[in-house]
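Observations on the three-dimensional arrangement
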Amino acid sequence: MPKKNLISFFIIAFLLNLAASFAHPVTPTLIVERQLDSSMFGVALAAMMTMYFLFSPFWGKLGNYIPTRRIMLICCMGYALGQVFFAMAQSEVMVVAGRMFAGVFTGGCYTAMANYVINLSGDDRSVRGENLVILSTIQSVGSAIGYFIGGMLGIISVETAFAAQIGLLVFCGIFFRLLCIDDAPYKQKPEQPLSFKDVNPFAAFISAGSFMTLPLALVFVITAVSAIGQNSYEQCFNYFIKDQYGMTSAYNGLFKAVIAALTLFLNSTVSMYLQKRTDINKSFLYILIACTVLTSLILISQNQILFIAVYIVYSSVMVLRLPLLQAMCANRASASQSNAVMGFYQAMNSLGGIFGALFAGLIYARSAILPFILAFAAFLVSTLLGFIYRMRLNRS
C-alpha cells in the first residue's frame, strides 16, 4: 500500500470535510435573513440528499472505469458551483435548486473517497478496516471543526462562510488530482464499456442484484434507517437552538469543537478496538443501542443544559457506527464489486438523510419536539434490525 500517498489523500480529505461544513451553521441565519419558510432547513438538505442518493451508485460504477482522483476533481468543482447557487439564492426555489445541483456531486466526493481508501488498502481486512476508521475519523472531526470555523465566519456574514467554503472546495479538487495516484492498478476494470444505461441513476440500483445478499441487504437497511435518525436529530438541533434558545451560529460552532475532540478520542480508541479486537458484525449493535438510549433522554426532559450535553455525547458516539457499517459492507464485497457496493452504501446513507431531513423540516412546525421523537424511533428500529442481523448470522 502506498502509505505516503494515502497520507496526502487523508490531509486533503480532512480539508474537504472542513469545507463541507462551513455553510451548515449559517444556513438557519440565511433562512431567517432572507425570510424563507422555516421548513427550508430540512427541505433544502433533503433536496441535496435526494440527488446524493440517485447519483452515488453512478459515481461508484464510474469509479471502475476512470481514476478515482479524476472523479474527486470533477465532484469538488461541481460541489463548489452548487454552493455558489445556494449562496446567491433569494427564494425557496433557488435554495432547493442550488442544493440539488450540489447533491449530484457531493455523493461522488464521498463515494470516491471511500473507494480510494478501499482500493489502496489491498485485501487485508484489518488494514482496510483501520483505514476506513481513519477516513471516518477525518470526516467526523473535519466536519465538527468545519462547523466551528463556519460558525465563527458566520459572525462576519453568511456570505463570508460561503466564500471560504467555495474556495476551499476548489483547492481540494485541484490537489486531489495533483497529489493522489492513479488507482487503476488496484481495481478491476469491467470488460464492457460504460454505457448510456449506466448513466441512468436507477440502472445502478437494478444492477445491485449482482452483489446483493440477505445479510448485505440488512446492513443497507440499517444504514438507511439509522441515517434517518441521525439527520432528523442533527438538522433539527441546529435550527432548534436558534429558534428556541436564541443561540447564534457561534454556539453551534463551539459545540462542534467539543464534539471534534470527543470524536477523535473515541475513534482512536473505541473504534480501533472494535475493528481489531471484536467481530464487528456483532459489536456494531452496541453503538446503535447507545444512540437509542441517548436520543430517548431528550424526550424525557428539554432542560437546556441536559439537551446540549446529550447532543454532544450522542454526536461523538453516533459517528462510531459509520466505519463499522462501511467495513461490514466492504468485507462482503468482492474486488470486482467493491466500488459498486460502496456506491450503494453511500446511496442508502443518503436515502436515510432524505427522509430524516425532510420529515424533520415538515413536522417541526407542528411541534419542535417531533423531529427528536422521529430520531429516537429510527434508532430504535435500526437496533431491532441489528438484532435480526445478528440472529441471522448466528444461524448461518
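In this report, we go over the structure that sits alongside the text. In this text, all values refer to a predicted model and were calculated from it rather than measured experimentally. (Residues numbered from 1 in each chain as written. Predicted model: local features only at pLDDT ≥ 70, side-chain atom pairs only at ≥ 80, totals over all residues. Heavy atoms only, no water.)

1. Description of the packing of helix α10 (residues 214–243) against helix α14 (residues 321–331)
Where we set the bar: In this analysis, axes come from line fits to C-alpha atoms, helices being fitted only over the stretch in contact, and the angle between any two N-to-C directions falls in the range 0 to 180 degrees. The way it works is that DSSP assigns letters per residue, a run of H or I at least four long becomes a helix, a run of E at least two long becomes a strand, and they are numbered from the N terminus. With respect to orientation, any angle under 35 degrees is reported as roughly parallel, any angle over 145 as roughly antiparallel, any angle of 65 to 115 as roughly perpendicular, and every other angle as oblique. Crossing handedness is defined as follows: a turn of the near helix away from the far one that is anticlockwise and smaller than a right angle gives a left-handed crossing, while the clockwise case is right-handed. Should any heavy atoms of two residues lie within 4.5 Å, those residues are counted as being in contact. Under the convention adopted here, Pro, Cys and the residues Ala, Val, Leu, Ile, Met, Phe, Trp and Tyr are nonpolar, Asp, Glu, Lys and Arg are charged, and Gly plus all remaining residues are polar.
Taken N-terminus to C-terminus, the directions of α10 and α14 make an angle of 160 degrees; their axes are 10 Å apart at the nearest point. Overall, the two elements α10 and α14 adopt an arrangement that is roughly antiparallel. When you trace α10 past α14, the crossing you get is left-handed. Contact residues: α10 offers Leu216, Val219, Phe220, Ile222, Thr223, Ser226, Ala227 and Gln230, while α14 offers Arg321, Leu325, Met328 and Cys329. Here the residues of the contact of α10 with α14 are counted per class, giving eight nonpolar, three polar and one charged.

2. Let's talk about the nonpolar core
Filter applied, for reference: We call a set of buried residues a nonpolar core when its members are Ala, Val, Leu, Ile, Met, Phe, Trp, Tyr or Cys and they connect through side-chain atoms within 4.5 Å of each other. Here the term buried applies to any residue with accessible area under 20% of the maximum for its type, exposed to any over 50%, and partly exposed to those in between, with areas from a 1.4 Å probe on protein chains only.
In terms of nonpolar packing, the biggest core is built from 134 residues, with Phe9, Phe176, Phe220 and Tyr233 touching the most fellow members. Here this core gets 15 residues from one element, more than from any other, and that element is helix α3 (residues 40–62). Contacts of Phe220, omitting those with residues within four sequence positions, involve Phe211, Met212, Cys329, Val341, Phe344, Tyr345 and Met348.

3. A few points about the packing of aromatic side chains
Heads up, the rule is: Ring pairs are drawn from Phe, Tyr and Trp, using the six-membered ring of Trp, whenever the two centres fall within 6.5 Å, and their geometry is named by plane angle: stacked under 30 degrees, edge-to-face over 60, tilted for the rest.
Evaluated as defined, the whole model comprises 22 aromatic pairs. Their ring planes at 55 degrees and their centres at 5.3 Å tell us that Phe58 and Trp59 sit as a pair that is tilted. Residue classification places Trp59 among the buried positions, given a relative accessible area of 7%. On the basis of an interplanar angle of 85 degrees and a centroid distance of 5.5 Å, the ring pair of Phe240 and Phe372 is categorised as edge-to-face. Taken together, the positions of Phe240 in helix α10 and Phe372 in helix α16 (residues 370–395) put the pair 132 residues apart, joining distant regions of the chain.

All quantities given are derived from atomic positions and should not be read as evidence of function.
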